[in-house]
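# Chain and residue survey
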Amino acid sequence: MLRSLRLGLLLWAGAALAARAQETASDTLLTVDHYLDWEQVADPQISPDGSQIVYTRRWVNKIDDKWESALWIMSADGSHHRFLVKGSDARWSPDGTRILYFADGEPKGTQIFVRWMDAQGASSQVTRLTETPTDAKWAPDGTAIAFVMLAPDSTPWSISLPKPPEGAKWTPAPRVVDDLHYRQDKVGFMPQGFTHLFLVPADGGTARALTSGRWNVGARFDGLAFGTGYDWTPDGRTIVFDGLRDSTWDRQYQVSRVYALDVASGAIRPLVSRPGFWASPAVSPDGRTVALTGSDSSDHTHRTADLWTVGLDGSGLRDLSRTLDRDPDNLRWAPDGKGVYFTAPDRGSINVRYADLSGGVRDVTQGAQVVSLASLARTLVGVGVRSDPDHGPDVVRIDLRRGQAPTRVSAVNDDVLANKRLARVEEVWYTSSGGTRVQGWIVKPPALDPAKRYPLILEIHGGPFAMYNVGFSYMFQNFAANGYVVLYTNPRGSTGYGDAFSNGIDHNYPGPDYDDLMAGVDAVIGKGYVDTTRMYVSGCSGGGVLSSWVIGHTTRFAAAAVRCPVIDWISMAGQTDIPLFTFSFFRQAFWDKPDEWLAHSSLMYVGRVTTPTLLMTGELDRRTPIPQTEEYYAALKIRNVPTVMLRFNGEYHGTGSKPSNFMRTQLYMMSWFEKHRRSATEPATGAGNR
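My aim in this report is to walk through the structure given alongside it, one point at a time.

Calculation criteria
Throughout, a residue's number is its position along its own chain's written sequence, starting from 1. Residues qualify for local features only when their pLDDT is at least 70, as the model is predicted, and side-chain atom pairs are given and counted only at 80 or more; totals for whole chains, interfaces and linings, by contrast, use all residues. The basis for the side-chain values is all heavy atoms of the structure; hydrogens and waters are excluded. Secondary structure elements follow DSSP: runs of H or I no shorter than four residues count as helices, runs of E no shorter than two count as strands, and numbering proceeds from the N terminus. Put simply, the radius of gyration uses C-alpha atoms, and a globule should come to 2.2 Å times the residue count raised to 0.38. Burial status follows relative accessibility: with a 1.4 Å probe on protein chains alone, a residue under 20% of its type maximum counts as buried, one over 50% as exposed, and anything between as partly exposed. What sets the accessible areas is the Shrake-Rupley method with a 1.4 Å probe; for residues, cover comes only from the shown protein chains. Charge convention: Lys and Arg are scored as positive, Asp and Glu as negative, and His as well as the terminal groups of each chain are ignored. Here the site of a charge means atom NZ of a Lys, CZ of an Arg, CG of an Asp or CD of a Glu. Residues adjacent in sequence count toward polar contacts only when both atoms are side-chain atoms; beyond that, a polar contact is any pair of N or O atoms within 3.5 Å, and within protein one must be able to donate a hydrogen and the other to accept it. The contact rule is simple, with two residues in contact once any of their heavy atoms fall within 4.5 Å. Lines fitted to C-alpha atoms define the axes here, with helix axes fitted over just the stretch in contact, and angles between the N-to-C directions of these axes take values from 0 to 180 degrees. Geometric relationships in this document are graded by angle, where less than 35 degrees denotes roughly parallel, more than 145 denotes roughly antiparallel, 65 to 115 denotes roughly perpendicular, and other angles denote oblique. Put simply, Ala, Val, Leu, Ile, Met, Phe, Trp, Tyr, Cys and Pro go in the nonpolar bin, Asp, Glu, Lys and Arg in the charged bin, and everything else, Gly too, in the polar bin. Nine residue types can take part in a nonpolar core, namely buried Ala, Val, Leu, Ile, Met, Phe, Trp, Tyr and Cys, and a core is a set of them joined through side-chain atoms within 4.5 Å. At least two bridges found by DSSP between two strands are what make those strands a pair. A carboxyl oxygen of Asp or Glu within 4 Å of a side-chain nitrogen of Lys or Arg is what we treat as a salt bridge. By convention in this document, the label disulfide applies to cysteine sulfur atom pairs within 2.5 Å. Residues enter patches when they are more than 30% accessible in relative terms and free of salt bridges; like-charged ones are connected within 9 Å and nonpolar ones (Val, Leu, Ile, Met, Phe, Trp, Tyr) within 5 Å. Aromatic rings from Phe, Tyr and Trp, taking only the six-membered ring of Trp, are treated as a pair when their centres fall within 6.5 Å; an angle between ring planes under 30 degrees marks them as stacked, one over 60 as edge-to-face, and anything in between as tilted.

Glancing now at the overall build of the protein chain. The helix and strand inventory of the protein chain stands at ten helices and 42 strands. Compactness check: the protein chain gives a C-alpha radius of gyration of 26 Å against a globular reference of 26 Å for 690 residues, within 12% of the reference. Viewed in the frame of its principal axes, the protein chain has a C-alpha envelope of about 75 × 70 × 55 Å. Expressed as a percentage of its 690 residues, the buried residues of the protein chain come to 57%. Looking at the protein chain as shown, the accessible area adds up to about 28900 Å², and 50% of this sits on carbon and sulfur atoms. Averaging the coordinates of the 71 positive side-chain charges in the protein chain and doing the same for the 74 negative ones gives two points 3 Å apart.

And the structure:
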């Protein structure tokens, strides 16, 4: 049992400490006000001849409190860097004379546009759709554009309601819901219908459906529409795509197939149909082979994917990366068709690798960095986005012929970071229960004096099947600028360490990941510069799961900021937009074996909590909906544990998508932590009782 402590031992700092309501403005430290000038880069695309790069650039609209985006263009060496056009998601035509992109158009919302890349730069709106197009790709001959769009489909329920009197204002009819998946975070209620492939002439015209029926193109995770993986064959006759051509799609979890579509006839045949999750097909330059990611079906909660190839006729399915044991992404065929370039996470870094069709996987880039491979020119020069602990994300050029380090060709935040004293990030490895080796990172205040003691924030990632990486973190740098030491770590369940490590919490979540987090805190305390009376724990989503679990199993933290948590797995199963994911954590349904569901719910340990707890969730959250937070808040209040609930306006899952809310999240957390410290007489080392 957790040792019982009186609330009186948890000292309110309101009388002893002056809680800061805001930061002090600084020209040399990265404070929240600099976030208003922060910019983001995404989706760089290199022209087929390798001479130019188009990318999406985002900045803060300070008036409307949102992120704006536009397309910028530069020469491949970073020169002639300039604004191009309002829009996003550009793609070069096969001959390099045009780009397609998305922008607001008529009659409403997002439409597909084509811009000529000559001196005149004429743009034309190609589509005039009432639904939103996504995932646009040029046909190989440049005469048409494929895209994905919702095809509305609903089953009306007619009842014999009396006709309203003229002028009557009756309440609208109820929403008819007959699918398991009917809502999605950042969407709200999902429009009724199915996603399908469409084709429109590149010069504009009427779009025609390439697929139809009561099923979806696009490999879905628990019913969520995140995009479609598809590619053309070089002759333009076939499109290979992922999805599930099955009327039972609504009850399928982590199940998808890869299909081949005859563009002319509409005939569809399965390409990879063995049970599993198969996605992201990419066709080889000669059109004979398809690369894809995937894994066979498994009873495990999580399964690491591999890189596979299969013949266009469906024969010869091969696993090219079995020995790598890391999830492949960003598949790009080498122009000679002899192998596939891809990225894969590994121990906090993401680098480019190459899988040779004749066997073997080798590194292309190396080091403590996060690199993507967004597109590849015929010249074997690629472009992506790179970041590391000291540098924010920027567009980079990667010469795959020479195997050189990525070359930075944009510098969108150099003005913000100029003259700033940034925190130093130190990698640490430590031993947890069962002898498990765990990786983490310590972010230290810029002027850290090892002889002094500093407050510590343990920040826990979500997922849980995800990976903290070594990319630049404004959040952590801002905490460190305010005098906090930050520990972030990848406990068991994290990806990037192999299938066995991620399945360390298989049907046991939370479980040994708690041990890993506490062992990490012990490792940092052992360095001698942590004030153990001012240690704090926080996290969002899966980090909310674990931060609420932590305070129910130890009293070592002076305060907690539990953000967008799951605290009750049984109620979560009916509230979330990912119900099957929730069920996957348990071997039996809660109506058959509720004790296991309850044993892993932090709400069941709320009777042990004495830690002052700040709860933060978006009002619109559909992933870990706000009733989860409300349940925990009510229980803490009834127990007289110091607690406050912040309900963030305009936010779905998370609390920082709007610029002002990101800044509020930082400031509220630090203000809450400043109010609380523990008694110096209490032990702070040791993981506590589970």
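Once you've had a look at it, read on.
Right, let's get into the side chain of glutamate 23. Within the secondary structure, glutamate 23 is located in the loop between strand 1 (10–12) and strand 2 (39–46). Polar contacts involving the side chain of glutamate 23 include one to the main-chain amide nitrogen of valine 32, which spans 2.7 Å. Polar side-chain contacts of glutamate 23 include one of 2.4 Å to the side chain of asparagine 482. Contacts of glutamate 23, omitting those with residues within four sequence positions, involve Thr31, Val32, Asn478, Asn482, Leu667 and Met670.

Take the packing of helix 4 (residues 512–525) against helix 5 (residues 542–551) next. As a packed pair, helix 4 and helix 5 sit with axes 11 Å apart at the nearest point and diverge in direction by 75°. On the basis of the axis angle, helix 4 is roughly perpendicular to helix 5. Contact residues: helix 4 offers Asp513, Tyr514, Leu517 and Met518, while helix 5 offers Leu546, Trp549 and Val550. Taken together, the residues of the contact of helix 4 with helix 5 break down into six nonpolar, no polar and one charged.

This next bit is on the nonpolar core. Counting 54 residues, the largest nonpolar core has Leu458, Trp569 and Tyr632 as the members making the most contacts within it. The element that contributes the greatest number of residues to this core is helix 4, accounting for seven residues. Each residue touching tryptophan 569, except ones within four places of it in the same chain, is listed here: Tyr509, Pro510, Val545, Thr582, Phe585, Phe586, Trp597, His600 and Ser601. Core analysis: the next-biggest nonpolar cluster, separate from the first, contains 42 residues, Val416, Ile457, Ala480 and Leu646 among them.

The next subject is unusual backbone geometry. The omega torsion across glycine 463 and proline 464 is 0°, close enough to zero to call that bond cis. Along the chain, the position of proline 464 falls in the loop between strand 36 (454–460) and helix 2 (474–481). Residue proline 510 is reached from tyrosine 509 by a cis peptide bond, and omega for that bond is -10°. Looking at the secondary structure, you find proline 510 in the loop between helix 3 (499–502) and helix 4.

As a further point, take the sheet that holds strand 14 (residues 193–201). Strand order in the open sheet made by the four strands is 10-11-14-15, with antiparallel pairing throughout. Bordering the open sheet on either side are strand 10 (134–138) and strand 15 (208–209), each of which pairs with just one other strand. Across nine bridges, the pairing between strand 11 (residues 144–152) and strand 14 is antiparallel. When the bridges of strand 14 are listed, isoleucine 145 appears paired with valine 200.

What follows is about the pattern of salt bridges. Tallied over the full model, the rule gives 28 salt bridges. Among the salt bridges present, the one from arginine 402 reaches aspartate 399, with a minimum N-O distance of 2.5 Å. In this structure, the salt-bridge partner of lysine 593 is aspartate 595, at a minimum N-O distance of 3.8 Å. Owing to a relative accessible area of 27%, lysine 593 belongs among the partly exposed residues under this scheme. Taking relative accessible area as the criterion, aspartate 595 reaches 44% and is therefore assigned partly exposed. Salt bridges linked by common partners bring Arg326, Asp346, Arg347, Arg353 and Asp363 together as one network.

Bringing the environment of lysine 658 into the picture now. With respect to the helices, strands and loops of the structure, lysine 658 is situated in the loop between strand 41 (643–648) and helix 10 (659–674). On the basis of relative accessible area, lysine 658 is assigned to the partly exposed category, the value being 30%. If sequence neighbours within four positions are ignored, lysine 658 has contacts with Asp65, Asn649, Gly650 and Glu651.

Turning next to the state of the cysteines. Overall, the coordinates contain one disulfide when judged by the stated rule. A sulfur-sulfur distance of 1.8 Å marks the disulfide that ties cysteine 540 to cysteine 564. Looking along the S-S bond of the cysteine 540-cysteine 564 disulfide, the torsion reads about -125°, which is the left-handed sense. Within this pair, whereas cysteine 540 is found in strand 38 (residues 530–540), its partner cysteine 564 is found in the loop between strand 39 (559–563) and helix 6 (569–575), the two being separated by 24 residues in sequence.

Spatial strand order, 2-3-4-5: four strands in an open sheet with antiparallel pairing. Strands at the two margins of the open sheet, each flanked by one partner only, are strand 2 and strand 5 (82–85). For this sheet, the mean inter-axis angle between neighbouring strands, taken without regard to orientation, is 40°. Inspection of the sheet shows strand 4 (residues 66–75) paired to strand 5 by three bridges, in the antiparallel sense. Following the sheet pairing, leucine 71 is matched in strand 5 by valine 85.

Looking now at a nonpolar patch on the surface. On the surface, Trp157, Ile159, Leu161, Trp170 and Val176 cluster together into a nonpolar patch covering about 610 Å² of accessible area. In this structure, leucine 161 sits in the loop between strand 11 and strand 12 (183–184). For leucine 161, a relative accessible area of 56% translates into the label exposed.

Positionally, serine 154 belongs in the loop between strand 11 and strand 12. You can call serine 154 partly exposed: its relative accessible area is 47%. When the C-alpha atoms of serine 154 and leucine 636 are compared, they prove to be 43 Å apart, with 482 residues separating the residues in sequence.

The next subject is helix 5. Count 3.6 residues to each turn of an α-helix, and residues three or four apart come out pointing the same way. In terms of burial, helix 5 is a largely internal element, ten of the ten residues being buried. Within helix 5, burial applies to Gly542, Gly543, Gly544, Val545, Leu546, Ser547, Ser548, Trp549, Val550 and Ile551.

This next bit is on the packing of aromatic side chains. Applying the stated criterion to the full structure yields 41 aromatic pairs. Ring geometry for tryptophan 215 against phenylalanine 241: centres 6.2 Å apart, planes inclined by 20°, an arrangement best described as stacked. Of the two residues, tryptophan 215 sits in the loop between strand 15 and strand 16 (216–217) while phenylalanine 241 sits in strand 18 (residues 238–244), which places them 26 residues apart along the sequence. Ring plane angle 65° and centroid distance 5.5 Å describe the contact between phenylalanine 221 and tyrosine 253, whose orientation is recorded as edge-to-face.

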